[in-house]
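Observations on chain architecture
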Amino acid sequence: TCCPQVSPNSDTTYGVYVVSAGCVSDTQYVDVNVNPKPVVIASADTGFCEGSGGVQVFSQGSGGVGPLVYVWSPIAGLDFSNLQNPIANPTQNTMFYVHVVDSLGCRSDLDSVLVSVWERPVIDAGADQFYCLSDSGVYLTGTLTNPGPGTYSWNWTPSLGLGCDTCQITYS
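What comes next is a walk through the structure.

Definitions and cut-offs
Residues numbered from 1 in each chain as written. Predicted model: local features only at pLDDT ≥ 70, side-chain atom pairs only at ≥ 80, totals over all residues. Heavy atoms only, no water. Helix = DSSP H or I, 4+ residues; strand = E, 2+ residues; numbered from the N terminus. Buried < 20%, exposed > 50% of the residue type's maximum accessible area, 1.4 Å probe, protein only. Contact = heavy atoms within 4.5 Å. Patch = residues over 30% accessible without salt bridge, like charges linked within 9 Å, V, L, I, M, F, W, Y side chains within 5 Å. Areas by Shrake-Rupley, 256 points an atom, 1.4 Å probe, with all protein chains shown as cover. Salt bridge = Lys/Arg side-chain N within 4 Å of Asp/Glu carboxyl O. Pairing = 2+ DSSP bridges. Axes fitted to C-alpha atoms, helices over the stretch in contact; angles between N-to-C directions. Lys, Arg positive; Asp, Glu negative; His and termini not counted. Polar contact = N/O pair within 3.5 Å; in protein donor to acceptor, adjacent residues only side chain to side chain. 1 Å grid on protein atoms, 1.4 Å probe; cavity = no way out; pocket = protein on both sides within 12 Å on 5 of 7 lines; lining within 4 Å. Points joined across faces, edges and corners; volume = space filled by probe spheres on them. Nonpolar A, V, L, I, M, F, W, Y, C, P; charged D, E, K, R; others polar. Core = buried A, V, L, I, M, F, W, Y, C linked by side-chain atoms within 4.5 Å. Disulfide = S-S within 2.5 Å.

1. Notes on the environment of asparagine 35
- With respect to the helices, strands and loops of the structure, asparagine 35 is situated in the loop between β4 (28-32) and β5 (39-42).
- By relative accessible area, asparagine 35 is classed as partly exposed at 33%.
- With 30 residues separating them in the primary sequence, asparagine 35 and valine 65 have C-alpha atoms 7.7 Å apart.
- Residue contacts for asparagine 35: discarding those within four places in its chain leaves Val65, Leu104 and Cys106.

Following this line, the structure appears as structure tokens:
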């Protein structure tokens, strides 16, 4: 039989000797050193607006025997897959996974970060308006489709002469 497999919880020295025809060899020893498993933590899920160049994703490795090497996957959509904090610029929502490998080859468990790609909002400033200088002004009415996640804000420019430059409907 060959090769006993061992999985000690702490550093252990194992000895081996052979008996052949009643003769006993010297005992030889082998040390098995137990190294701590490295750990990696990825940043919280995040997202970015399509066409904006992406978003940086973060990870932090610890433990093990340094230096740690970072490994991200999938590679598509990342500027570099071996950086601690690469830029993610996928074309669609993508779950990125990261693990670290220490200098002894010990590998951490995987952690992940979901990068969402948000469509750009689509806005229509409304029809062109005409008014006479003697009139009291006109209302400008914007229409928003596809606002994306979360809150959004209106920003009319230039703000000079507007009743409200951050309202959907403003008076000029």
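2. Quick notes on a nonpolar patch on the surface
- A cluster of nonpolar side chains, Tyr17, Val19 and Val24, forms an exposed patch at the surface whose accessible area comes to about 320 Å².
- Relative to the assigned elements, valine 24 resides in strand β3 (residues 23-24).

3. Focus: the sheet that holds strand β9 (residues 69-73)
- If you walk across this open sheet you meet the four strands as β6-β12-β11-β9, and the pairing is mixed. The sheet terminates laterally at β6 (46-49) and β9, the two strands that pair on one side only. Going from strand to strand, the sheet's axes swing by 25° on average, the running direction of each strand aside.
- One ladder, built from four bridges, connects β6 with strand β12 (residues 111-118); its direction is parallel. The partner of phenylalanine 48 across the bridge, within β12, is valine 117.

4. A word on the pattern of salt bridges
- Throughout the structure, instances matching the rule amount to one salt bridge.
- Residue aspartate 109 is joined to lysine 37 by a salt bridge in which the shortest nitrogen-to-oxygen separation is 2.7 Å. Taken as a pair, aspartate 109 in the loop between β11 (94-101) and β12 and lysine 37 in the loop between β4 and β5 lie far apart in primary sequence, 72 residues in all.

5. Description of the side chain of aspartate 102
- Its location among the elements puts aspartate 102 in the loop between β11 and β12.
- No salt bridge is formed by the buried aspartate 102. Its closest oppositely charged neighbour is arginine 107, at 11 Å.
- Only 2.8 Å separates the side chain of aspartate 102 from the backbone nitrogen of cysteine 106, close enough to count as a polar contact.
- Ignoring sequence-local partners within four residues, the contact set of aspartate 102 consists of Pro36, Pro38, Gly64, Val65, Pro67 and Leu68.

6. Topic: the layout of surface pockets
- In this structure, the largest pocket spans a volume of roughly 190 Å³.
- Lining the largest pocket are ten residues, and of these Arg120, Pro121, Ile123, Leu144 and Ser153 lie nearest its centre.
- Tallied by class, residues from the lining of the largest pocket come to seven nonpolar, two polar and one charged.

7. Considerations on the nonpolar core
- Ranked by internal contacts, the top residues of the largest apolar core, which has 15 residues, are Val57, Trp72, Ala88, Phe96, Val98, Val113 and Val115.
- Sorting the residues of this core by element identifies β5, β9, β11 and β12 as the ones contributing at least two each.
- Among residues more than four places away in sequence, those in contact with tryptophan 72 are Val57, Phe58, Ser59, Leu78, Ser81, Leu83, Gln84, Pro86, Phe96, Tyr97, Val98 and Val113.

8. Some remarks on the environment of tryptophan 118
- Within the secondary structure layout, tryptophan 118 lies in strand β12.
- Taking relative accessible area as the criterion, tryptophan 118 reaches 32% and is therefore assigned partly exposed.
- Between the alpha carbons of tryptophan 118 and asparagine 93 there is a distance of 8.5 Å; along the sequence they are 25 residues apart.
- Residues within four places of tryptophan 118 in sequence aside, it is in contact with Gly47, Phe48, Cys49, Glu50 and Pro149.

9. Thoughts on the state of the cysteines
- If you walk through the whole model with that rule in mind, you get one disulfide.
- Each disulfide pairs two cysteine sulfurs, and for cysteine 164 the partner residue is cysteine 167, the sulfurs being separated by 1.9 Å. Torsion about the S-S bond of the cysteine 164 and cysteine 167 cystine: about 80°, corresponding to right-handed handedness.

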